[in-house]
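As a plain string of letters, each chain reads:
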Amino acid sequence: MPTKRSYATLPTKIEKLDRLSKSLEGPEIYIKRDDQTGLEFSGNKIRKLEYLMEEALQEGADALITCGAIQSNHCRATAALGAKLGIPVYLVLKENREPEMIGNYLLDHLFGADIQRISEADYQHRRGEILEELATQLKQEGKTPYIIPEGASNGLGCFGYRDVIEEIQQQEKALGFSFDTVVVPTGSGSTLGGLILGKAMYDYPGEIIGFNIAADAKTFQHRISLILQEAIPYIDTHIPDTHIPDTHIPEADHPLFAPENIQIIDGYVGEGYGKSRKVEWHFLQHIARSEGILLDPVYTGKALYGLTEEIKKGTFDNTQRILFIHTGGVFGLIPPSTPLR
Ligand SMILES: *Cc1c(COP(=O)(O)O)cnc(C)c1O
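Residues numbered from 1 in each chain as written. Predicted model: local features only at pLDDT ≥ 70, side-chain atom pairs only at ≥ 80, totals over all residues. Heavy atoms only, no water.

- An unreviewed UniProt entry lists the protein chain under the name D-cysteine desulfhydrase family protein, with Isachenkonia alkalipeptolytica as the source organism.
- What the UniProt record of the protein chain gives under Cofactor (unreviewed entry) is the line "pyridoxal 5'-phosphate". (UniProt positions renumbered as here; feature names shortened; annotations may be inferred.)

**A word on the site of the ligand**
- Looking at the ligand, there are 16 residues lining it, with Lys-45, Lys-48, Ser-188, Thr-191 and Thr-327 nearest.
- Within the contact set of the ligand, an oxygen atom lies 2.8 Å away from a side-chain nitrogen or oxygen of Lys-45.
- The separation between an oxygen atom of the ligand and a polar main-chain atom of Gly-189 is 2.8 Å.
- Summarising the interface, the protein chains cover 98% of the accessible area of the ligand, which totals 380 Å² for the free molecule. (Near = heavy atom within 4 Å. Polar contact = N/O pair within 3.5 Å; in protein donor to acceptor, adjacent residues only side chain to side chain. Areas by Shrake-Rupley, 256 points an atom, 1.4 Å probe, with all protein chains shown as cover.)

**Side note on the sheet that holds strand S2 (residues 28–33)**
- Pairing is mixed across the open sheet formed by six strands, whose spatial order is S1-S2-S10-S7-S8-S9. Each edge of the open sheet carries a strand with a single partner, namely strand S1 (14–16) and strand S9 (263–265). Looking at each pair of strands side by side, their axes are set apart by 30 degrees on average, direction ignored.
- Contacts from helix H7 (residues 190–202) reach strand S7 (181–186), strand S8 (207–212), S9 and strand S10 (321–326) within the one sheet, and its direction differs from that of S8 by about 170 degrees. (Pairing = 2+ DSSP bridges. Helix = DSSP H or I, 4+ residues; strand = E, 2+ residues; numbered from the N terminus. Axes fitted to C-alpha atoms, helices over the stretch in contact; angles between N-to-C directions. Contact = heavy atoms within 4.5 Å.)

**Thoughts on the environment of Lys-45**
- Relative to the assigned elements, Lys-45 resides in helix H2 (residues 45–58).
- The buried category is assigned to Lys-45, whose relative accessible area is 8%.
- Lys-45 sits 108 residues away from Ser-153 along the chain, and the two C-alpha atoms are 9.1 Å apart.
- Those residues in contact with Lys-45 that lie beyond four places of it in its chain are Asn-73, His-74, Ala-77 and Gly-151. (Buried < 20%, exposed > 50% of the residue type's maximum accessible area, 1.4 Å probe, protein only.)

**A few points about the pattern of salt bridges**
- A complete count under the given rule lists 23 salt bridges for this structure.
- Between Glu-50 and Lys-4 there is a salt bridge, with the nearest N and O atoms lying 3.0 Å from each other. Here Glu-50, found in helix H2, pairs with Lys-4, found in the segment before S1; they are 46 residues apart in sequence, far enough to count as distant.
- The buried category is assigned to Glu-50, whose relative accessible area is 1%.
- The class for Lys-4 is partly exposed, based on a relative accessible area of 35%.
- For Arg-127, the salt bridge goes to Glu-150, with nearest N and O atoms at 3.7 Å. Of this pair, Arg-127 sits in helix H5 (residues 120–140) while Glu-150 sits in the loop between strand S6 (145–147) and helix H6 (159–175); the two residues are 23 residues apart in sequence, bridging distant segments of the chain.
- Accessibility expressed as a relative area gives 28% for Glu-150, which makes it partly exposed.
- Through salt bridges with shared partners, one network takes in Lys-16, Asp-18, Lys-22, Glu-28 and Arg-321. (Salt bridge = Lys/Arg side-chain N within 4 Å of Asp/Glu carboxyl O.)

**Some words on the domain arrangement of the protein chain**
- Domain boundaries in the protein chain define domain 1 (14–42 + 154–333) and domain 2 (46–152).
- Each of domain 1 and domain 2 has a C-alpha centre, and these two points are 25 Å apart.
- Between domain 1 and domain 2, the contact holds 24 residues from the first and 22 residues from the second.
- Buried area between domain 1 and domain 2, both sides added, is near 1,800 Å², and the carbon and sulfur share of it is 58%.
- Taken as a group, Phe-41, Leu-156 and Phe-331 account for 33% of the area that domain 1 buries against domain 2, more than any other trio of residues on that side. (Domains from an automatic or database assignment. Buried area = accessible area lost by both parts, 1.4 Å probe.)

**Observations concerning helix H4 (residues 103–110)**
- Listing the buried residues of H4 in full gives Gly-103, Asn-104, Tyr-105, Leu-107 and Asp-108.
- If you follow the buried residues of H4, they end up packed against helix H3 (73–85), strand S4 (89–94) and strand S5 (114–118).
- Immediately beyond the C-terminal end of H4, within one or two residues, lies Gly-112, with a positive phi of roughly 80 degrees.

**Observations concerning the pairing of S7**
- Summarising burial for S7: six of the six residues are buried, a large majority.
- The alternating pattern of S7 places Thr-181, Val-183 and Pro-185 on one face and Val-182, Val-184 and Thr-186 on the opposite face, and all of these are buried.
- Bridge count for S7 against S8 is six bridges, and the pairing is parallel. Each residue of the ladder has a partner; that of Thr-181, found in S8, is Glu-207.
- Crossover connection from S7 via H7 to parallel S8: handedness right-handed.
- As paired elements, S7 and S10 share three bridges and run parallel to each other. Residue Val-182 lies in a different strand from S10, and its bridge partner there is Leu-323. (Right-handed = clockwise from strand over helix to strand, strands pointing away.)

This is the structure in structure tokens:
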């Protein structure tokens, strides 16, 4: 089994969304505060980075390379972690125009990351090459770079959210009840993938459902299925994990890992990745005012909005208990000009 470093503040707490549940007259909705994994590296990315950093440090890495959108939460978390560990971070960010010094981009600078901006076309078609070129250049300077993929979404990154299933099961024991469904936004895939891996490995009975905030469900089903295939080799059956029985060591052909069995509810991307509609801002404002919780416009705002719309449609049985994972991203509230006053 892969091992990890410990940087996040865990376990994150679970709270009930009382007023939202009541107003919908549907299932009881709870929220797991992964937005509170720590201020600088708040959000879901740090759980994946804990595994990737262990591998990086074992390989003797003294430079980190990663990439993402200009307001990437993942890049900011990596920049913060690099600063904490004294390891230089090189970010390759996607943006055609000169960006405003706001939000995560500002924080990337505060943390001293080395930033290279590339066009959307280059990002889409050549980012692998560009990251490799950067790595080659650093190697020529005598460094040992470690490349972290977009969103830390690879097989190893999955283990961060596999662990969340174990964390939830312990919290369920303390709460005295269990959740029927765990809901999460999906962007690069390994958060949802990790929860599915956890479901397989811990034989977790709850349903795992993602809401995609970009592209479409099919794209993510395939991407996540591939990430899960990548995760399998990390599960070394010769080193038994104390708390995982042999019967729950999944094979690559585990039914939960088949694209068609990965549950993603489509229809809430709105105007596209990182673009918000008025209705989404109003929902975000409603949650801030009625629950005292800040959602982010790019991921959690859209996903929880999607969940409430699905509840209104009757997609979920009223007797259910649903756990929504707040994956963070709250610095994303700063950049956009909002239509609210
Ligand atoms: C990256 C991110 C997600 C999506 O997680 P993936 O593992 O990339 O699918 C969700 N919410 C926030 C706030 C994020 O930064």
